[in-house]
Amino acid sequence: MYHLIPSESLRLAREEFPHYEICVLHDDAGIPEVTAVLKPPYQGIGLAVLVCAATVSELVHTLRTAPKARLPRRDPDRRYWPLPRQRDHHNHAEQH
């Protein structure tokens, strides 16, 4: 079973954790399970990819107390912009 209109607690959890896809599903016996799946753009930064809980409040507590994601670090071996000499040489070549 899947509710089309989310509960207030589920809506608030989705607002607080927009990088997760949060759903409440029920098994054949009607027992709920709340899952949070990390959206692809946020994978690889140290957050849990899948978090499961019995209630939305339990899930929110787990996500709030989880370790925070690492900040992305610049790769020192990657050039993000051309060096001035390269840019000037490239522009000079285009003019001739």
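Preceding this section is the structure that the text describes.
From a predicted model like this one, the values you see are computed outputs, not experimental measurements.

Parameters at a glance
Counting starts from 1 at the beginning of each chain's written sequence and moves along it residue by residue. Only residues with pLDDT of 70 or above have their local features reported here, since the model is predicted, and side-chain atom pairs are shown and tallied only from 80 upward, although totals for entire chains, interfaces and linings are computed over all residues. Side-chain measures were taken over the full set of non-hydrogen atoms in the model, leaving aside hydrogen atoms and water. Whether two strands pair depends on DSSP finding at least two bridges between them. Counting from the N terminus, the helices are DSSP H or I runs at least four residues long and the strands are E runs at least two residues long. The angle between two axes is taken between their N-to-C directions and runs from 0 to 180 degrees, where each axis is a line fitted to C-alpha atoms and a helix contributes only its stretch in contact. In what follows, a contact means two residues having at least one pair of non-hydrogen atoms within 4.5 Å. Convention used here: angles under 35 degrees read as roughly parallel, angles over 145 as roughly antiparallel, angles from 65 to 115 as roughly perpendicular, and any remaining angle as oblique. Should the near helix be turned anticlockwise from the far one by less than a right angle, the crossing is left-handed, and should it be turned clockwise, the crossing is right-handed. Nonpolar cores are built from buried Ala, Val, Leu, Ile, Met, Phe, Trp, Tyr and Cys residues. Side-chain atoms within 4.5 Å join them into one set. Each residue's exposure class comes from its accessible area (1.4 Å probe, protein chains only) as a fraction of the maximum for that residue type: buried when under 20%, exposed when over 50%, partly exposed otherwise. Patch membership is restricted to residues that have no salt bridge and whose relative accessible area is over 30%. Joining uses 9 Å for like charges and 5 Å for the nonpolar side chains Val, Leu, Ile, Met, Phe, Trp and Tyr. Each accessible area value is a Shrake-Rupley result obtained with a 1.4 Å probe; residue values ignore everything except the protein chains displayed when judging cover. Any carboxyl oxygen of Asp or Glu within 4 Å of a side-chain nitrogen of Lys or Arg constitutes a salt bridge here.

K.L.:
Mind showing me how you'd approach the sheet that holds strand 1 (residues 20-26) here?
P.N.:
Backbone hydrogen bonds hold the strands of a sheet together, and the pairing may be parallel or antiparallel. Strand order in the open sheet formed by three strands is 1-2-3, with antiparallel pairing between adjacent strands. On the outer flanks of this sheet lie strand 1 and strand 3 (50-53), each paired with one strand and no other. The sheet shows a mean angle of 20° between the axes of neighbouring strands, direction not considered. Two strands pair when backbone bridges link them, and strand 2 (residues 32-38) and strand 3 are joined in this way by four bridges, in the antiparallel orientation. Across the sheet, the residue bridging to A36 is V51, located in strand 3. Where helix 2 (residues 56-65) meets the sheet, it contacts strand 1, strand 2 and strand 3, and its direction lies at approximately 140° from that of strand 3.

K.L.:
Which parts of the structure should I look at to understand the packing of helix 1 (residues 8-16) against helix 2?
P.N.:
When two helices pack together, their arrangement is given by the angle between the helix axes and by the axis-to-axis distance. The contact between helix 1 and helix 2 brings their axes to 10 Å, and the two run at 15°. Compared by their axis directions, helix 1 and helix 2 come out roughly parallel. With respect to the hand of their crossing, helix 1 and helix 2 are arranged in left-handed fashion. Contact residues: S9, L10, A13 and E16 in helix 1; V56, V60 and R64 in helix 2.

K.L.:
For this particular structure, what's the right way to read the nonpolar core?
P.N.:
Burial of nonpolar side chains together is a common tendency in soluble globular proteins. In this structure, Y20, I22, A36, V56, L59 and L63 are the most contacted members of the largest nonpolar core, which totals 16 residues. Those elements that provide at least two residues to this core are helix 1, strand 1, strand 2, strand 3 and helix 2. Per-element tally for this core: the top contributor is helix 2, with four residues. Not counting the four nearest positions on each side in its chain, A36 is found in contact with Y20, E21, I22, V49, L50, V51, L59 and L63.

K.L.:
Please explain the pairing of strand 1 as it appears in this structure.
P.N.:
Where a strand is regular, its side chains alternate between the two sheet faces. Counting buried positions along strand 1 yields five of seven residues, so the element is predominantly enclosed. The pairing of strand 1 with strand 2 spans seven bridges and is antiparallel. By the bridge assignment, E21 is partnered in strand 2 with V37. Between strand 1 and strand 2, which pair antiparallel and follow one another directly, the connecting turn spans five residues, one of which, G30, has a positive phi of 85°.

K.L.:
What am I meant to see in a nonpolar patch on the surface here?
P.N.:
Side chains of V37, V49 and L50 sit close together on the surface and give an oily, nonpolar patch of about 250 Å² of accessible area. Among the secondary structure elements, V37 is positioned in strand 2. You can call V37 partly exposed: its relative accessible area is 36%.

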